[in-house]
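Chain by chain, the residues:
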Amino acid sequence: MADYREAPLATRPKTLDPAEYFNLSLNQRRAEEERAGLRAQLKRQYQMQLNNPHRKELIEDPALTRWVYARTNPYNHFRATKKTSLLGGLFGVVPLFVLYYVLKTDRDKKEEQIKAGTYDRKFKLAY
Amino acid sequence: MSPQQLNMAAVGFRNWARALSKGKQPGFSALFSQVRAASGPSKGMLPGPYPQTPEERAAAAKKYNMRVEDYEPIPDNGEGYGDYPQLPDRSQHERDPWYSWDHPDLRRNWGEPIHWDFDMFIRNRVDTSPSPVAWHTMCKHLFGFVGFMLLMFYLGEKFPSYQPVAPKQYPYSNLHLERGEDPEKQPEEVKHFNI
């Protein structure tokens, strides 16, 4: 598997990742320990709430609240830059005009054909 | 909803109505006043603007339950992310299926920071896990097979080959009577073969 190339947008399997074998410095280990500490704290908080016999309500997840808030309120931090203006124009303004033009010309052509009697209804069901 | 939550919701509604009726700003802008119910998380616990100073970064990392070194906000290009952290674009397919997650179907623990595109990375949707065979091999196999079949079908259309056929031969003098010809008249002899 020396020439394994991962698919675009996919990741490498853990067993083929060189960092797993080479990153065993003390700093890395300390970082992993700190992360494990944070995880353990959160686990403890959750378990305390979960197994509390006097609890009657749902356990609220603040990370979820933050995620929902962040996803639903992007305009608080929105700025009109070149990129955002371009995207806004491309997705919001251009389709209006393009669609109008395309549909109008297509239907006008059909109308002319019908008026001239040359319109060919390919899949007509009724006579 | 528990009575406690209903009560808090009522308090929030009452505050909103009060702000609307006697707020200092007239009309619609009163809806955006600083009066907010205390039923949800405090302002400090919600996502905020992009952190400018190291202290703000540290505070944001603490808010999102991440290490200060791990916390990296999404680059600020005006698209409205604020201080939300940039987490690795890994699907939930890749997480350990045998670890005891708090939410096993989402493979996530309580309180863990959620990726911005989390709803895309759930196990029913986008999968970024490594493919068992390399991409170029898969491409070659698929397009090779499809291309070969297309080529062969095209050649089969161009150069058809089937068993030799001849016009159908009917008995009884080419069905003389069945075709309604005169029974007295002698039918013409048609020779279909040579021995």
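Computed from a predicted structure; not experimentally measured.

Definitions and cut-offs
- Residues numbered from 1 in each chain as written.
- Chains lettered and ligands numbered in written order.
- Predicted model: local features only at pLDDT ≥ 70, side-chain atom pairs only at ≥ 80, totals over all residues.
- Heavy atoms only, no water.
- Helix = DSSP H or I, 4+ residues; strand = E, 2+ residues; numbered from the N terminus.
- Buried < 20%, exposed > 50% of the residue type's maximum accessible area, 1.4 Å probe, protein only.
- Areas by Shrake-Rupley, 256 points an atom, 1.4 Å probe, with all protein chains shown as cover.
- Contact = heavy atoms within 4.5 Å.
- UniProt positions renumbered as here; feature names shortened; annotations may be inferred.
- Salt bridge = Lys/Arg side-chain N within 4 Å of Asp/Glu carboxyl O.
- Core = buried A, V, L, I, M, F, W, Y, C linked by side-chain atoms within 4.5 Å.
- 1 Å grid on protein atoms, 1.4 Å probe; cavity = no way out; pocket = protein on both sides within 12 Å on 5 of 7 lines; lining within 4 Å.
- Points joined across faces, edges and corners; volume = space filled by probe spheres on them.
- Nonpolar A, V, L, I, M, F, W, Y, C, P; charged D, E, K, R; others polar.
- Buried area = accessible area lost by both parts, 1.4 Å probe.
- Polar contact = N/O pair within 3.5 Å; in protein donor to acceptor, adjacent residues only side chain to side chain.
- Arc of directions from axis to C-beta.
- Expected span 1.5 Å × (residues − 1).
- Bend = angle between axes of the 7 residues up to and from the residue.

A. Fine view of the overall build of chain A. Per the secondary structure count, chain A includes four helices and zero strands. Across the 127 residues in chain A, those meeting the buried criterion constitute 13%. Here chain A displays about 11,200 Å² of accessible surface, and carbon together with sulfur accounts for 60% of that area.

B. Examining the overall build of chain B more closely. Counting secondary structure elements, chain B contains four helices and zero strands. What you see in chain B, going N to C, is helices and strands ordered as α-α-α-α. Each of the 195 residues in chain B was classed as buried or not, and the buried ones make up 24%. In chain B, once contacts between residues fewer than 6 apart in sequence are set aside, the share between residues at least 24 apart is 33%. Of the roughly 14,800 Å² of accessible surface on chain B, a fraction of 60% belongs to carbon and sulfur atoms.

C. Spotlight on the UniProt feature "transmembrane region" (unreviewed entry) in chain A. When the UniProt feature table is mapped onto this chain numbering, "transmembrane region" (unreviewed entry) sits at residues 84–103 of chain A. In residues 84–103 of chain A, helix accounts for 100% and strand for 0%; the two terminal C-alpha atoms are 28 Å from one another.

D. Main features of the pattern of salt bridges. Within this structure, the stated rule accounts for 14 salt bridges over all chains. In this structure, R35 of chain A and E32 of chain A form a salt bridge, with 2.8 Å as the shortest nitrogen-oxygen distance. With R35 of chain A and E32 of chain A both in helix α2 (residues 26–50) and three residues apart, this pair spans about one turn of that helix. The closest approach of N and O atoms between R95 of chain B and E112 of chain B, which form a salt bridge, is 2.6 Å. Here R95 of chain B, found in the loop between α2 (54–63) and α3 (135–158), pairs with E112 of chain B, found in the loop between α2 and α3; they are 17 residues apart in sequence, far enough to count as distant. Here the salt bridges share partners, and the residues they tie into one network are E32, E34 and R35 of chain A together with R67, E69 and D70 of chain B.

E. Focus on the nonpolar core. In this structure, W67 of chain A together with Y64, M66, Y71, Y84, I114 and F118 of chain B are the most contacted members of the largest nonpolar core, which totals 14 residues. Secondary structure elements with two or more residues in this core: α3 (62–72) of chain A together with α2 of chain B. Leaving out residues up to four positions away in the same chain, Y84 of chain B has contacts with R66, W67 and A70 of chain A together with Y64, P73, I74, I114, H115 and W116 of chain B.

F. A look at empty space enclosed by the protein. Considering all chains together, one arrives at two cavities of 30 Å³ or more under this definition. Lining the largest cavity are A63, R66 and W67 of chain A together with Y64, N65, Y84, P85, L87, G111, E112, P113 and I114 of chain B. Looking at side-chain class alone, the lining of the largest cavity contains eight nonpolar, two polar and two charged residues. Considered as a void within the structure, the second largest cavity measures approximately 40 Å³ in volume. What lines the second largest cavity is Y69, A70, N73, N76 and H77 of chain A together with P47, G80, Y81 and G82 of chain B. Here the lining of the second largest cavity is composed, by residue class, of four nonpolar, five polar and no charged.

G. Just the interface of chain B and chain A, in detail. Counting from both sides, the interface comprises 48 residues of chain B and, opposite them, 44 residues of chain A. Regarding the contact of chain B and chain A, the summed buried area is about 3,800 Å², with carbon and sulfur atoms giving 58% of it. Inspection of the region where chain B meets chain A yields seven salt bridges. Residues R108 of chain B and D61 of chain A are paired through a salt bridge, measuring 2.9 Å at the closest nitrogen-oxygen approach. Where chain B meets chain A, there are 18 residue pairs in polar contact (both at pLDDT 80 or more). In terms of residue class, the side of chain B that touches chain A is built from 19 nonpolar, 16 polar and 13 charged.

H. Summary view of the side chain of N109 of chain B. With respect to the helices and strands, the residue N109 of chain B is situated in the loop between α2 and α3. At 3.3 Å, the side chain of N109 of chain B forms a polar contact with the side chain of K43 of chain A. A distance of 3.2 Å separates the side chain of N109 of chain B from the backbone nitrogen of D102 of chain B, its partner in a polar contact. When neighbours within four sequence positions are excluded, N109 of chain B is seen to be in contact with R39 and K43 of chain A together with Y99, S100, W101 and D102 of chain B.

I. Spotlight on α2 of chain B. Buried within α2 of chain B are the following residues: A60, A61 and K63 of chain B. Around the axis of α2 of chain B, the buried residues are gathered within 155° of arc, so they sit on the same side. Residues of α2 of chain B that are exposed and point over 90 degrees away from its buried face: P54, E55 and K62 of chain B. Check the buried side of α2 of chain B and you find it contacts α3 of chain A. Just downstream of α2 of chain B lies N65 of chain B, where phi reads positive at about 60°.

J. The arrangement of helix α4 (residues 82–116) of chain A in detail. All names here are of chain A. For α4, spanning 35 residues, the distance from its first C-alpha to its last is 49 Å, which sits close to the expected 51 Å at 1.5 Å a residue. Of all the bends found along α4, the most pronounced is centred on V94 and spans about 40°, while P95, a proline, follows it within four residues. Taken from the residues just after α4, G117 is the one with a positive phi, measuring 85°.

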